[in-house]
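The residues making up each chain are set out below.
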Amino acid sequence: MIAKILIIVAVVVVIFVAVVALQPGEFRISRSTTIAASPTAVFSLVNNFHSWAGWSPWAKLDPTMKTTYEGPAAGTGAAYSWTGNSKVGEGRMQILDSRPGEVVHIRLDFIKPFASTNSCVFTFAPNASGTEVTWTMSGRNNFMGKAFGLFMNVDKMVGGDFERGLAGMRAIAEKK
């Protein structure tokens, strides 16, 4: 009897591992909105990490989060680190490329609750109503990321945060 149970458990584990292994190795989450402001005005809210506290959805989840800034105040080389509660974790961002009114490319390193390195890109495109801002995060899924994706809709979860962040950005940019 015990042998049958062990065989069944082993088969279930092998099937689970196989299903997880077949999940996509990369992910991409992207959201866009139009903000009634110039690309330069919206760009400045992303290009300077000191401005993020006003619109970042994660800053509101932990008002006591500890933040540090390194490098230049804004633009390529600027870096931002944070340590917070279990909702925001710990990590670091650094601007790798910054072209005024066009794009900000950020390396995003999560330390806690799980280690990963991702790419975040903000693009700014003028349109008839102001500026279309697109926030995209992409990276690789390790085994745990693939397994997590089986049970949680990561695009919906993180995409919702992006939508809240873009709405906060819109509120600030349109007040100016």
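Residues numbered from 1 in each chain as written. Predicted model: local features only at pLDDT ≥ 70, side-chain atom pairs only at ≥ 80, totals over all residues. Heavy atoms only, no water.

Colleague: I'm lost on unusual backbone geometry in this one. Help?
Modeller: Excluding glycine, most residues fall at negative phi; most peptide bonds, likewise, are trans. Omega for the peptide link from Lys112 to Pro113 comes to 5 degrees, which places this bond in the cis form. Here Pro113 lies in the loop between β5 (103–112) and β6 (116–127). (Helix = DSSP H or I, 4+ residues; strand = E, 2+ residues; numbered from the N terminus.)

Colleague: What's the story with the packing of aromatic side chains in this structure? I'm lost.
Modeller: Aromatic ring pairs: the centre-centre distance and the angle between the two ring planes describe each pair. Throughout the structure, instances matching the rule amount to 15 aromatic pairs. Each ring, one from Phe110 and one from Phe114, has its centre 6.2 Å from the other, and the planes form 45 degrees; the classification is tilted. In textbook terms, an aromatic cluster arises when at least three aromatic residues are bridged by ring pairs, as seen for Phe49, Trp52, Trp55, Trp58, Tyr69, Tyr80, Trp82, Phe110, Phe114, Phe122, Trp135 and Phe162. (Phe/Tyr/Trp six-rings, centres within 6.5 Å; stacked < 30°, edge-to-face > 60°.)

Colleague: What am I meant to see in the side chain of Asn47 here?
Modeller: Within the secondary structure layout, Asn47 lies in helix α2 (residues 39–47). Here Ser98 takes part through its side chain, which lies 2.5 Å from a polar atom of the side chain of Asn47. With sequence-adjacent residues up to four places away left out, Asn47 is seen in contact with Ala74, Gly75, Ile95, Ser98 and Val104. (Polar contact = N/O pair within 3.5 Å; in protein donor to acceptor, adjacent residues only side chain to side chain. Contact = heavy atoms within 4.5 Å.)

Colleague: Is there a simple way to explain helix α4 (residues 154–175) in this structure?
Modeller: Working note: α-helix, 3.6 residues per turn, so residues spaced by three or four point in the same direction. Counted at 1.5 Å a residue, the expected span for α4 with its 22 residues is 32 Å, and the 32 Å between its end C-alpha atoms agrees. For α4, the set of buried residues is Val158, Gly159, Gly160, Asp161, Phe162, Gly165, Leu166, Gly168, Met169 and Ala173. Close packing links the buried residues of α4 with β1 (26–35), α2, β6 and β7 (130–140). (Expected span 1.5 Å × (residues − 1). Buried < 20%, exposed > 50% of the residue type's maximum accessible area, 1.4 Å probe, protein only.)

Colleague: I keep staring at the pattern of salt bridges and nothing clicks. Help me out?
Modeller: Close approach of charged atoms allows side chains with opposite charge to pair. Scanning the entire structure with this criterion turns up seven salt bridges. Two residues, Arg99 and Asp97, come together in a salt bridge whose shortest N-O distance is 2.9 Å. Its relative accessible area of 41% is what places Arg99 among the partly exposed residues. With a closest N to O distance of 3.8 Å, Arg99 and Glu102 form a salt bridge. (Salt bridge = Lys/Arg side-chain N within 4 Å of Asp/Glu carboxyl O.)

Colleague: How do you make sense of the side chain of Thr33 when you look at a structure like this?
Modeller: Within the secondary structure layout, Thr33 lies in strand β1. By relative accessible area, which is 14% here, Thr33 ends up buried. Within the structure, the side chain of Thr33 is placed 2.3 Å from the side chain of Arg170, a separation counted as a polar contact. Once residues lying within four places of it in the same chain are set aside, the contact partners of Thr33 are Thr131, Glu132, Val133, Leu166 and Arg170.

Colleague: So what exactly am I meant to see when it comes to the sheet that holds β1 here?
Modeller: Sheet strands line up and pair through hydrogen bonds in the backbone, either parallel or antiparallel. The strand order across the open sheet formed by seven strands is β1-β7-β6-β5-β4-β3-β2, and the pairing between neighbours is antiparallel. Looking at which strands have only one partner, the edges of the open sheet turn out to be β1 and β2 (66–70). The sheet shows a mean angle of 15 degrees between the axes of neighbouring strands, taken without regard to direction. Here strand β3 (residues 79–83) runs beside strand β4 (residues 90–99); their pairing, made up of five bridges, is antiparallel. (Pairing = 2+ DSSP bridges. Axes fitted to C-alpha atoms, helices over the stretch in contact; angles between N-to-C directions.)

Colleague: What am I meant to see in the packing of α2 against α4 here?
Modeller: Axes are the key here: two packed helices are described by the angle between their axes and the distance separating the axes. Interaxial distance between α2 and α4 falls to 10 Å at its minimum, and their mutual angle equals 130 degrees. Compared by their axis directions, α2 and α4 come out oblique. Handedness of the α2/α4 crossing: right-handed. On α4, the residues that touch Val42, Leu45 and Val46 of α2 are Met169, Ile172 and Ala173. Per-class residue counts for the contact of α2 with α4 are six nonpolar, no polar and no charged. (Parallel < 35°, antiparallel > 145°, perpendicular 65-115°, else oblique. Left-handed = near helix turned anticlockwise from the far one by under 90°. Nonpolar A, V, L, I, M, F, W, Y, C, P; charged D, E, K, R; others polar.)

Colleague: Help me understand the environment of Glu90, please; the structure alone is not making it clear to me.
Modeller: Mapping Glu90 onto the fold places it in strand β4. The class for Glu90 is partly exposed, based on a relative accessible area of 21%. The spatial distance from the C-alpha of Glu90 to the C-alpha of Lys156 is 22 Å, given a sequence separation of 66 residues. Setting aside residues up to four positions removed in sequence, Glu90 forms contacts with Trp82, Thr83, Phe110, Ile111 and Lys112.

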